[in-house]
Amino acid sequence: LAKTTQPISMDSYEGQEVNITCSHNNIATNDYITWYQQFPSQGPRFIIQGYKTKVTNEVASLFIPADRKSSTLSLPRVSLSDTAVYYCLLSGAGSYQLTFGKGTKLSVIP
Amino acid sequence: DTEVTQTPKHLVMGMTNKKSLKCEQHMGHRAMYWYKQKAKKPPELMFVYSYEKLSINESVPSRFSPECPNSSLLNLHLHALQPEDSALYLCASSQGAGGGATDTQYFGPGTRLTVL
């Protein structure tokens, strides 16, 4: 699976919108883009998944440009409880494997 | 119910001990996974079971022995581990058994293993 690149860390104040961008220049035609959230000493939790354009759920939005070489996870009005590591992954059809990149450690400051 | 449970939460064992980690899901999922996560690193896939059969072994040392007694239960048997095997061991499950791009994996809380 193609590799993903994310910022190692980000800081944000409470109440702000946070955008985390993930680069995946070699994304395959049938790859989906998936984001997971992980709190310390807990298992990752699925946040959102998309293939193209924009996807929104009750937690976040995912923006994917037409060339699909990058994607942006948007967290509206973050709170202290959003402090976590956020992983961007590519998942391909017929593959069980989730290959986690290094992730982005988001720290929300009061 | 989207819960994957793992027991025990914490385990300390010596290098000569034999212990087992247990994972359970009651979502009717057909695929189950073991991951290993070292501190400040991303999870790494170890094993995948599909329809209770081992389908992927990511070249894991034989001191780790997985077992899937039924579709809801996944065990990881540990024997003669090394201190460097200390890590958080995560179990996950997903609905599809064919490995779909949109097949969401649900993770348990993990077992924190310390090998002395």
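The structure reproduced in this document is the subject of the present report. (Residues numbered from 1 in each chain as written. Chains lettered and ligands numbered in written order. Predicted model: local features only at pLDDT ≥ 70, side-chain atom pairs only at ≥ 80, totals over all residues. Heavy atoms only, no water.)

1. Thoughts on the overall build of chain A
Summing up its helical and strand segments, chain A has 0 helices and 9 strands in all. Along chain A, helices and strands appear, N-terminal first, in the series β-β-β-β-β-β-β-β-β. Since a compact globule built from 110 residues should have a radius of gyration of about 13 Å, the 13 Å found for chain A is in line with a globular shape. Here the C-alpha coordinates of chain A stretch approximately 40 × 30 × 25 Å along the principal axes. The 110 residues of chain A split such that 44% are buried. Expressed as a percentage of contacts within chain A between residues at least 6 apart in sequence, the contacts between residues at least 24 apart total 57%. Carbon and sulfur atoms make up 51% of the accessible area of chain A, which amounts to about 5,500 Å² in all. Both charge centroids of chain A, one from 9 positive and one from 7 negative side chains, sit 8 Å from each other. (Helix = DSSP H or I, 4+ residues; strand = E, 2+ residues; numbered from the N terminus. Rg over C-alpha atoms; globule rule 2.2 N^0.38 Å. Buried < 20%, exposed > 50% of the residue type's maximum accessible area, 1.4 Å probe, protein only. Contact = heavy atoms within 4.5 Å. Areas by Shrake-Rupley, 256 points an atom, 1.4 Å probe, with all protein chains shown as cover. Lys, Arg positive; Asp, Glu negative; His and termini not counted. Charge placed at Lys NZ, Arg CZ, Asp CG, Glu CD.)

2. So, the overall build of chain B
Within chain B, the regular secondary structure consists of 0 helices and 11 strands. In chain B, the succession of α and β elements from N to C terminus is β-β-β-β-β-β-β-β-β-β-β. Based on the C-alpha atoms only, the size of chain B along its principal axes is roughly 40 × 25 × 20 Å. Across the 116 residues in chain B, those meeting the buried criterion constitute 48%. Taking contacts inside chain B between residues at least 6 apart in sequence as the whole, the part at least 24 apart equals 55%. Surface exposure of chain B reaches about 5,500 Å², of which carbon and sulfur atoms provide 49%. Each charge class in chain B was averaged separately, 12 positive and 10 negative side chains, and the resulting centres sit 7 Å apart.

3. Side note on the pairing of strand 5 (residues 53-56) of chain A
Along a regular strand, successive side chains alternate from one face of the sheet to the other. Residues and elements named next belong to chain A. When strand 5 meets strand 6 (residues 61-64), the two strands line up antiparallel, connected through 4 bridges. Each bridged residue has a counterpart across the sheet, and for Val55 the counterpart in strand 6 is Leu62. In this antiparallel pair of consecutive strands, strand 5 and strand 6, the connection spans 4 residues. (Pairing = 2+ DSSP bridges.)

4. Here we look at the interface of chain B and chain A
Facing the 27 residues of chain B at the interface are 21 residues of chain A. Summing both sides of the interface, chain B and chain A together bury roughly 1,700 Å²; the carbon and sulfur share of this comes to 56%. If you look at where chain B meets chain A, you find 0 salt bridges. Where chain B touches chain A, the interface holds 4 residue pairs in polar contact (both at pLDDT 80 or more). Listed by contribution, the elements that provide at least two residues to the side of chain B that touches chain A are strand 4 (31-37), strand 5 (44-50), strand 6 (53-57) and strand 9 (87-94) of chain B. Take the side of chain B that touches chain A: its biggest share by element is 4 residues, from strand 4 of chain B. Per-class residue counts for the side of chain B that touches chain A are 14 nonpolar, 10 polar and 3 charged. (Buried area = accessible area lost by both parts, 1.4 Å probe. Salt bridge = Lys/Arg side-chain N within 4 Å of Asp/Glu carboxyl O. Polar contact = N/O pair within 3.5 Å; in protein donor to acceptor, adjacent residues only side chain to side chain. Nonpolar A, V, L, I, M, F, W, Y, C, P; charged D, E, K, R; others polar.)

5. Let's talk about the nonpolar core
Judged by nonpolar contacts, the single largest core of 23 residues is most densely connected at B:Trp34, B:Phe64, B:Leu76 and B:Leu78. Those elements that place two or more of their residues in this core are strand 2 (10-13), strand 3 (18-25), strand 4, strand 5, strand 7 (64-70), strand 8 (73-79), strand 9 and strand 11 (111-115) of chain B. Residues A:Ile27, A:Trp35, A:Ile47 and A:Leu90 belong to the second largest nonpolar core, which totals 20 residues. (Core = buried A, V, L, I, M, F, W, Y, C linked by side-chain atoms within 4.5 Å.)

6. Looking at the environment of B:Lys9
All names here are of chain B. Tracing the chain through its elements places Lys9 in the loop between strand 1 (4-7) and strand 2. Since its relative accessible area comes to 62%, Lys9 is described here as exposed. In this structure, the C-alpha to C-alpha distance between Lys9 and Leu21, residues 12 residues apart in sequence, is 9.3 Å.

7. A word on the sheet that holds strand 4 (residues 45-50) of chain A
Residues and elements named next belong to chain A. With respect to topology, 5 strands assemble into an open sheet ordered 1-9-8-3-4, the strand pairing being mixed. On the outer flanks of this sheet lie strand 1 (9-13) and strand 4, each paired with one strand and no other. Adjacent strand axes in the sheet meet at a mean angle of 25° when their direction is disregarded. Where strand 8 (residues 84-92) lies against strand 9 (residues 104-109), 3 bridges are found, and the strand directions are antiparallel. Across the sheet, residue Ala84 finds its bridge partner in strand 9, namely Leu106. (Axes fitted to C-alpha atoms, helices over the stretch in contact; angles between N-to-C directions.)

Such coordinate-based values are descriptive only and should not be taken to indicate function.
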